[in-house]
Amino acid sequence: MYDKIIEVVSKSPLMQGINDVKKILECFGARVMKYFKDEEIIGYGDKPAIIIVANGKANVISEDYAGNRNVINKLGAGGVYGVAFVYSGQEVSTRLVATEDCTVVILDEKRLHEPCELPCRDHTAFLYNAIKVVGNASVTFLERSEILSRRTIREKVLAYLSAQARKKGSNEFSIPFSRQELADYISTDRSALSGELSRMAKDGLINYKLNRFRINISR
């Protein structure tokens, strides 16, 4: 395992409080894989696995039979995917797709369910971290559900930007999505989103440039 990869993975939410990250990864049969931009890392019907992004970026997406795409989450270095699928025993029901060339660490699903001969503090910490990752994912899901429950594009955009402002503790911030990704996230058309953003800026609700936004609504 490359030292640089170990360093990045050590900062992942799954590895918080773990003393020997390299040993844990070896115990779980970790392997390093490289993927090109737009390549699928894992998808529908694949064997569940925990995936940690070591470098690059990837999107968690869902698609219907008509090809309509929704962006569920965006992962950067240290981002984690698949914990819920591994520990729930459910089939993979989303896709993880590289949005740029990236390297990931994949933990073997079978090894994750096999206890070590000598249980140690690091394994206990890993399982505790896994619970927190699933919990945070649930909160993120509820947040997106609340945004999608809004009726208009404007209401959805304001709900999303308000949530980002609360997280950043400021009414001026950058978002992790491109315009297309934001449109996919709130389940709308890119041109419709761009038009609504322009109208919102004209109405004085927001200012923006690329992915930098400022909300002008006092709360």
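Counting starts from 1 at the beginning of each chain's written sequence and moves along it residue by residue. Confidence filtering applies because this is a predicted model: local features only for residues at pLDDT of at least 70, side-chain atom pairs given and counted only at 80 or more, and all residues used for totals across whole chains, interfaces and linings. The basis for every side-chain value is the complete set of non-hydrogen atoms in the structure, without hydrogens or water.

Caption draft 1: Quick peek at helix H6 (residues 153-168). In this model H6 runs 22 Å from its N-terminal to its C-terminal C-alpha over 16 residues, within 8% of the 22 Å that 1.5 Å per residue would give. Only protein chains enter the accessibility calculation, which uses a 1.4 Å probe; a residue is then buried when its area is under 20% of its type maximum, exposed when over 50%, and partly exposed in between. In this text, helices come from DSSP runs of H or I with a minimum length of four residues, and strands from runs of E with a minimum of two, each type numbered from the N-terminal end. Buried within H6 are the following residues: Lys-156, Val-157, Leu-158, Ala-159, Tyr-160, Leu-161, Ser-162, Ala-163, Gln-164 and Ala-165. We call two residues contacting when some pair of their heavy atoms lies within 4.5 Å. Against the buried residues of H6 lie helix H5 (121-148), strand S9 (172-174), helix H7 (179-185), helix H8 (190-202), strand S10 (206-209) and strand S11 (212-215). Gly-169, located one to two residues past H6, shows a positive phi value of around 70 degrees. A helix is expected to span 1.5 Å multiplied by its residue count minus one.

Caption draft 2: Fine view of the sheet that holds strand S2 (residues 40-42). Read across the sheet, 4 strands follow the order S2-S7-S4-S5 without closing on themselves; strand pairing throughout is antiparallel. Both edges of this open sheet fall to S2 and strand S5 (69-75), since each of them pairs with a single strand only. Pairwise comparison of adjacent strand axes, ignoring direction, gives a mean angle of 35 degrees for this sheet. Strand pairing is assigned whenever DSSP identifies at least 2 bridges connecting the two strands. Across 6 bridges, the pairing between strand S4 (residues 58-63) and S5 is antiparallel. By the bridge assignment, Ser-62 is partnered in S5 with Asn-70. Angles here are taken between N-to-C directions and fall from 0 to 180 degrees, while the axes themselves are lines fitted to C-alpha atoms, restricted in helices to the stretch in contact.

Caption draft 3: Local environment of the packing of H6 against H8. Put simply, H6 and H8 touch, their axes get as near as 10 Å, and they point 75 degrees apart. Classified by the angle their axes make, H6 and H8 are roughly perpendicular. Of the residues in H8, those in contact with Ile-153, Arg-154, Val-157 and Leu-158 of H6 are Ala-192, Leu-193, Glu-196, Leu-197, Arg-199 and Met-200. A per-class count over the contact of H6 with H8 returns 7 nonpolar, no polar and 3 charged. Geometric relationships in this document are graded by angle, where less than 35 degrees denotes roughly parallel, more than 145 denotes roughly antiparallel, 65 to 115 denotes roughly perpendicular, and other angles denote oblique. In this classification, Asp, Glu, Lys and Arg are treated as charged, Ala, Val, Leu, Ile, Met, Phe, Trp, Tyr, Cys and Pro as nonpolar, and every other residue, Gly included, as polar.

Caption draft 4: Spatial organisation of the side chain of Thr-103. Note that Thr-103 resides in strand S8 (residues 102-107). Residue classification places Thr-103 among the buried positions, given a relative accessible area of 7%. Setting aside anything within four residues of it in sequence, one finds Thr-103 in contact with Ile-5, Val-32, Met-33, Lys-34, Ile-52, Val-53, Ala-54 and Asn-55.

Caption draft 5: How the structure looks around the sheet that holds S9. The strand order S9-S11-S10 describes an open sheet built from 3 strands, whose pairing is antiparallel. Each edge of the open sheet carries a strand with a single partner, namely S9 and S10. Each adjacent strand pair in this sheet contributes to an overall mean axis angle of 20 degrees, direction not counted. Helix-sheet contacts for H6 involve S9, S10 and S11, and the interaxial angle to S9 is about 100 degrees. Against the sheet, H8 makes contact with S10 and S11, and its axis sits at roughly 125 degrees relative to S10, the strand it touches most.

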